[in-house]
Amino acid sequence: MASAILASLFHPSEVLALVQYKLAPKTKFDYSNDKTRERLYHHLNMTSRSFAAVIQDLDEELKDAICLFYLILRGLDTIEDDMTIDLETKIPYLKTFHEIIYQKGWTFTKNGPNEKDRQLLVEFDVVIEGFLKLKPAYQTIIADITKRMGNGMAHYATAGIRVDTIADYDEYCHYVAGLVGLGLSEMFSACGFESPMVAKRKDLSNSMGLFLQKTNITRDYLEDLRDNRRFWPKEIWGLYAEKMEDLVKPENCDKAKQCLSHMVWNAMEHIKDVLEYLEMIKNPSCFKFCAIPQVMAIATLNMLHTNYKIFTHENIKIRKGETVWLMKESDTIDKVAAIFRLYAREINNKSNPLDPHFVNIGVLCGEIEQICVSKYPGSTAELSRLQAGVMAGTSGSVITAAAVVAGAVVLKSTFA
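Nothing here was measured: the structure is a model prediction, and the numbers come from that model.

Colleague: Got a minute to help me understand the overall build of the protein chain in this structure?
Modeller: The helix and strand tally for the protein chain stands at 22 helices and zero strands. Counting only residues that meet the buried cut, the protein chain has 53% of its 416 residues in that class. Expressed as a percentage of contacts within the protein chain between residues at least 6 apart in sequence, the contacts between residues at least 24 apart total 74%. When the accessible surface of the protein chain is split by element, carbon and sulfur atoms take 55% of a total near 18600 Å².

Colleague: I keep staring at the environment of Pro356 and nothing clicks. Help me out?
Modeller: Mapping Pro356 onto the fold places it in the loop between helix 19 (333–350) and helix 20 (358–375). By relative accessible area, Pro356 is classed as partly exposed at 47%.

Colleague: Would you mind going over the pattern of salt bridges with me for this structure?
Modeller: One side chain can pair with another of opposite charge once the charged atoms of both are near each other. Within this structure, the stated rule accounts for 31 salt bridges. A salt bridge links Arg39 to Glu123, with the nearest nitrogen and oxygen atoms 2.9 Å apart. Of this pair, Arg39 sits in helix 3 (residues 35–47) while Glu123 sits in the loop between helix 7 (118–122) and helix 8 (124–131), placing them 84 residues apart in sequence. Arg39 sits in the partly exposed class, given a relative accessible area of 30%. When the shortest N-O distance is used, the salt bridge between Asp331 and Lys335 registers 3.1 Å. Looking at Asp331, the relative accessible area reads 34%, which means it is partly exposed. Taken together, the salt bridges that share partners define one network made up of Asp81, Asp224, Arg226, Asp227, Arg229 and Glu314.

Colleague: Just to check I follow, could you spell out the confidence of the model for the protein chain for this structure?
Modeller: Detailed reading of the predicted coordinates is not advisable wherever pLDDT is low. On average, residues of the protein chain carry a pLDDT of 89, and 87% of them reach 70 or more. Across residues 393–398, where pLDDT falls below 50, the model places four contacts with residues more than four positions away in sequence or in other chains.

Colleague: Help me out: how do you make sense of the packing of aromatic side chains in this one?
Modeller: Aromatic ring pairs are defined here through the distance separating the ring centres and the angle between the ring planes. With the rule as written, the count across this model stands at 18 aromatic pairs. Between Tyr221 and Trp232, the aromatic rings sit 4.9 Å apart at their centres with planes inclined by 55 degrees, giving tilted as the arrangement. Within this pair, whereas Tyr221 is found in helix 13 (residues 221–226), its partner Trp232 is found in the loop between helix 13 and helix 14 (234–237), the two being separated by eleven residues in sequence. Exposure class is identical for Tyr221 and Trp232. Each is buried. One aromatic cluster is present, built from ring pairs that chain together Tyr93, Phe97, Trp106, Phe108 and Phe124. Over the aromatic face of Tyr41 sits the side chain of Lys63, whose NZ or CZ is 5.9 Å from the ring centroid.

Colleague: It is not clear to me how the nonpolar core should be interpreted in this structure. Could you clarify?
Modeller: One recurring pattern in soluble globular proteins: nonpolar side chains tend to sit buried together. Within the largest apolar cluster, 130 residues are counted, with the highest numbers of intra-cluster contacts made by Phe97, Phe124, Met187, Phe188, Trp232, Leu247 and Tyr277. With sequence-adjacent residues up to four places away left out, Phe124 is seen in contact with Leu71, Ile72, Gly75, Phe97, Ile101, Trp106 and Thr107.

Colleague: Which parts of the structure should I look at to understand the side chain of Asn302?
Modeller: Following the sequence through the fold, Asn302 ends up in helix 17 (residues 284–304). For Asn302, a relative accessible area of 6% puts it in the buried group. Discounting residues that sit within four places of it in the chain, Asn302 has contacts with Tyr343, Glu346, Ile347 and Lys350.

Colleague: What's the story with the packing of helix 3 against helix 5 (residues 60–81) in this structure? I'm lost.
Modeller: Think of two packed helices as two axes; the pair is described by the angle between the axes and how far apart they sit. For the pair helix 3 and helix 5, the least separation of the axes is 10 Å and the interaxial angle reads 60 degrees. The angle between helix 3 and helix 5 places the two elements in the oblique class. Classified by chirality, the crossing of helix 5 by helix 3 is left-handed. From helix 3, Arg37, Leu40, Tyr41, His43, Leu44 and Thr47 reach across to helix 5, where they touch Glu60, Lys63, Asp64, Cys67, Leu68, Tyr70, Leu71 and Arg74. Partitioned by chemical class, the residues of the contact of helix 3 with helix 5 number seven nonpolar, two polar and five charged.

Colleague: Help me out: how do you make sense of the environment of Arg148 in this one?
Modeller: By secondary structure assignment, the location of Arg148 is in helix 9 (residues 136–159). Here Arg148 falls in the partly exposed class, since its relative accessible area comes to 32%. Each C-alpha atom of the pair Arg148 and Leu179 lies 7.8 Å from the other, and the pair is 31 residues apart in sequence. Residues within four places of Arg148 in sequence aside, it is in contact with Tyr175, Leu179 and Leu182.

Colleague: Is there a simple way to think about the state of the cysteines in this case?
Modeller: Chemically, a disulfide is nothing more than a covalent bond linking the sulfur atoms of two cysteines. A full pass over the atoms with the stated rule returns zero disulfides. Among the cysteines around Cys290, which has no disulfide bond, Cys286 carries the closest sulfur, lying 6.5 Å off.

Colleague: What exactly am I supposed to notice about the side chain of Lys214 here?
Modeller: By the secondary structure assignment, Lys214 is in helix 12 (residues 202–219). Overall, Lys214 belongs to the buried group, its relative accessible area being 2%. Among the polar contacts listed, one links the side chain of Lys214 to the side chain of Asn266, at a separation of 2.8 Å. Residues within four places of Lys214 in sequence aside, it is in contact with Tyr169, Asp170, Cys173, Asn266, Ala267 and His270.

The rules we used
Residues numbered from 1 in each chain as written. Predicted model: local features only at pLDDT ≥ 70, side-chain atom pairs only at ≥ 80, totals over all residues. Heavy atoms only, no water. Helix = DSSP H or I, 4+ residues; strand = E, 2+ residues; numbered from the N terminus. Buried < 20%, exposed > 50% of the residue type's maximum accessible area, 1.4 Å probe, protein only. Contact = heavy atoms within 4.5 Å. Areas by Shrake-Rupley, 256 points an atom, 1.4 Å probe, with all protein chains shown as cover. Salt bridge = Lys/Arg side-chain N within 4 Å of Asp/Glu carboxyl O. pLDDT = per-residue confidence, 0-100. Phe/Tyr/Trp six-rings, centres within 6.5 Å; stacked < 30°, edge-to-face > 60°. Lys NZ or Arg CZ within 6 Å of the ring centre and 35° of its normal. Core = buried A, V, L, I, M, F, W, Y, C linked by side-chain atoms within 4.5 Å. Axes fitted to C-alpha atoms, helices over the stretch in contact; angles between N-to-C directions. Parallel < 35°, antiparallel > 145°, perpendicular 65-115°, else oblique. Left-handed = near helix turned anticlockwise from the far one by under 90°. Nonpolar A, V, L, I, M, F, W, Y, C, P; charged D, E, K, R; others polar. Disulfide = S-S within 2.5 Å. Polar contact = N/O pair within 3.5 Å; in protein donor to acceptor, adjacent residues only side chain to side chain.

Spelled out as structure tokens, the structure:
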């Protein structure tokens, strides 16, 4: 907590959010009366603390189903992602994983010793046990998405982990993320929390996944390059370098940043669909569950835009304070629209007029602004409120002083 406060010290809204988070009573989820659920949520916390938090805030009707949906797809991804497993062994598992989840007692021990989520598959019989307790409607949705995703992964594993065209890029992101959006929307509608239209608008559900996946792929350039994976489409990077790895060479710095802005622009093209989708979500817990990853993505794109560090450093992330602040603010469509307006403006202000995508990004940011103003008029007041906190860090205002004092209190208690 101390390091997080120090990193956010000139961002008073973040400091206050961190302090509120530190002092707020924590919800304790007790699953001790059900050993299967206890192990499931243990694995959820081990694989992703951020997803664990938002999943456990869902209404009870959906919580277990989405927890299991996540763990099943994470298990599938852990097999696909493990480069120590040869293709001859891997492909059959990818293609039949939707059947495996019905096999009581099945576990998997063939992952390499360093695979991060290996233990999830070692204890996968617990996941299967939980899955088989779900309502049949949820089982059907999860199995269908797992089948489609597994087949897509098998195709790309066989063809080689690289994409050539932007169409390939969209297809790959659909298989690994867009399908997740489709499955979630089907569950939202199936349980009655959302209208049938949410499940029917597959284009919007797909864009929700693509926006997240493209943001992650853009951020993970260096890590994927190290692992000999090429997810940036050649149709984009080929405009700036003969080889994708040439972008890391210092002499290609300007071309690398131009390529990066092209990737950022490509990801941002999904934002209008994201906002339209979120507008349809009426259940408060479903809304936060959907909105939080999306605002994290636009914040991440803002951090990446024109940032040459992605070609020199791995594991670049937004500040923890920024994460906590975004989670706190993402509970209504007006607030979320205001967050998108805030970051779209920052992205536009960062753009280099000499960059070939300066106009494209500027037009897209303008369209986002226009849509938010016309469709979510309440976002204007929310934007002013957010800007007051964000800009206070450079104005020496009372809120800055309050944030620093609050941060000092937490720092003192941390070191006490």
